[in-house]
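Letter by letter, the chains look like this.
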Amino acid sequence: MQKLNGKWLCAVSGGPDSMALLHMCIEVGMEIAVAHVNYHHRDSAGEEESYVHSFCEAHQVECYVRNERFTYEGNFEASARKWRYDFFVSLVKEKHFMGVLIAHQEDDVLETYFMQEERKLVPAYYGLKEENMYHGILVKRPLLEYTKKDLEEYCQSHAIRYYLDMTNEDTAYARNKIRKEVVG
């Protein structure tokens, strides 16, 4: 990964993608802070939050956590994404970060493309862009050249612990169904 200038907010869930991104940022000497969101939606959420916090502490990285209980109506994924990105926006603006780094990777690009196709959408851009603006902040996705497997192997080779979100196995969610049945 290429070092970016300025101080960036790095979105970290505790999964292999975001833990690899965080470690890569540290390895190249980037100035970063971490944003972690705890939805209190899974039994392991508190443990994951503690782990992300302790990893940041061990590497002298500021860690900001959105920890209030998440409630929503309608589509969980869409509501959670808005809640998470609104948190990123507030931190980037308040702390004057350059923007937020998101650990989307190649598999996410394919899943997004297939979701767009399935819904017969004609977006301005298929898949995910490496950069875009969201409510006035820059969102960068520096891992689009990596697959999920690449990032899991990166974590394993660097002895980085990560958590797997078991809700990703639930094919009731459209993205998970595409992940399992199409991208697989």
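Participant: Break down the nonpolar core for me, citing the residues and quoting the values.
Facilitator: If you look at the biggest cluster of nonpolar residues, it comprises 27 residues, and the most contacted ones within it are Met19 and Leu22. Mapped by element, the contributors of at least two residues to this core are β1 (7-11), α1 (16-27), β2 (31-37), α2 (45-58) and α5 (148-157). Tallying contributions element by element places α1 first for this core, with six residues. Ignoring anything within four residues of it in the chain, the contact list for Leu22 reads Cys10, Val12, Ile32, Val34, Phe55 and Cys56. Ala11, Tyr39, Tyr85 and Ile137 belong to the second-largest nonpolar core, a separate cluster that totals 22 residues.

Participant: Summarise the pattern of salt bridges; cite the residues concerned and give the values.
Facilitator: Counted according to the given criterion, the structure contains nine salt bridges. We note a salt bridge from Glu48 to Arg42, for which the minimum N-O separation is 2.3 Å. Accessibility expressed as a relative area gives 5% for Glu48, which makes it buried. For Arg42, a relative accessible area of 23% translates into the label partly exposed. As a salt-bridge pair, Lys140 and Glu131 come within 2.5 Å of each other at their nearest N and O atoms.

Participant: I'd like a description of the pairing of strand β5 (residues 131-134), backed by residues and values.
Facilitator: Across a regular strand the side chains alternate sides, sitting on one face of the sheet and then on the other. Relative to strand β6 (residues 137-140), β5 runs antiparallel, the two being bridged by four bridges. Looking at β6, one finds that Asn132 is bridged to Val139. What sits between β5 and β6 in their antiparallel hairpin is a turn of two residues, with His135 showing a positive phi close to 45°.

Participant: Could you give an account of the sheet that holds strand β4 (residues 100-101), naming the residues involved and the relevant values?
Facilitator: The strand order across the open sheet built from six strands is β3-β2-β1-β4-β6-β5, with neighbouring strands paired in mixed fashion. Sheet topology places β3 (62-66) and β5 at the edges, where each strand pairs with a single neighbour. Direction of pairing for β1 relative to β2: parallel, over a ladder of five bridges. Within β2, the position partnered with Trp8 by the bridge is Ile32. Together, β2 and β3 form the strand contacts of α2, whose direction differs from that of β2 by roughly 170°. With respect to the sheet, helix α3 (residues 76-95) is in contact with β1, β2, β3, β4, β5 and β6, its orientation differing from that of β2 by roughly 145°.

Participant: Could you give me a rundown of the packing of α1 against α5, with the residues and numbers involved?
Facilitator: Helix packing for two helices is described by the angle between their axes and how far apart those axes are. Relative orientation of the contacting elements α1 and α5 amounts to 60°, with a least axis distance of 9 Å. Between α1 and α5, the angle is such that the two are oblique. Seen along the crossing, α1 lies across α5 with a hand that is left-handed. Residues Pro16, Asp17, Met19, Ala20, His23, Met24 and Glu27 of α1 lie in contact with α5, whose contacting residues are Lys148, Leu151, Glu152, Tyr154 and Cys155. Here the contact of α1 with α5 is built from residues that sort into seven nonpolar, one polar and four charged.

Participant: Pulling in residues and values, what's your account of the packing of aromatic side chains?
Facilitator: To describe a pair of aromatic rings, you give the distance between the ring centres and the angle between the ring planes. In this structure the tally under the stated criterion is 12 aromatic pairs. Following the ring pairs from residue to residue traces out a cluster consisting of Tyr39, Phe70, Tyr72, Phe76 and Trp83. Here the basic side chain of Arg161 rests over the ring of Tyr51, its NZ or CZ set 5.2 Å away from the ring centre.

Participant: Help me get a handle on the side chain of Asn38, residues and values and all.
Facilitator: Residue position: Asn38 is located in the loop between β2 and α2. One polar contact links the side chain of Asn38 to the main-chain amide nitrogen of His40, over a distance of 2.8 Å. With sequence-adjacent residues up to four places away left out, Asn38 is seen in contact with Ala45, Gly46, Glu49, Arg66, Asn67, Glu68 and Trp83.

Participant: Summarise the side chain of Ser79; cite the residues concerned and give the values.
Facilitator: In this structure, Ser79 sits in helix α3. A distance of 3.0 Å separates the side chain of Ser79 from the backbone oxygen of Asn75, its partner in a polar contact. With residues near it in sequence (within four places) discarded, Ser79 still touches Phe70, Tyr72 and Glu73.

The rules behind the values
- Residues numbered from 1 in each chain as written.
- Predicted model: local features only at pLDDT ≥ 70, side-chain atom pairs only at ≥ 80, totals over all residues.
- Heavy atoms only, no water.
- Core = buried A, V, L, I, M, F, W, Y, C linked by side-chain atoms within 4.5 Å.
- Buried < 20%, exposed > 50% of the residue type's maximum accessible area, 1.4 Å probe, protein only.
- Helix = DSSP H or I, 4+ residues; strand = E, 2+ residues; numbered from the N terminus.
- Contact = heavy atoms within 4.5 Å.
- Salt bridge = Lys/Arg side-chain N within 4 Å of Asp/Glu carboxyl O.
- Pairing = 2+ DSSP bridges.
- Axes fitted to C-alpha atoms, helices over the stretch in contact; angles between N-to-C directions.
- Parallel < 35°, antiparallel > 145°, perpendicular 65-115°, else oblique.
- Left-handed = near helix turned anticlockwise from the far one by under 90°.
- Nonpolar A, V, L, I, M, F, W, Y, C, P; charged D, E, K, R; others polar.
- Phe/Tyr/Trp six-rings, centres within 6.5 Å; stacked < 30°, edge-to-face > 60°.
- Lys NZ or Arg CZ within 6 Å of the ring centre and 35° of its normal.
- Polar contact = N/O pair within 3.5 Å; in protein donor to acceptor, adjacent residues only side chain to side chain.

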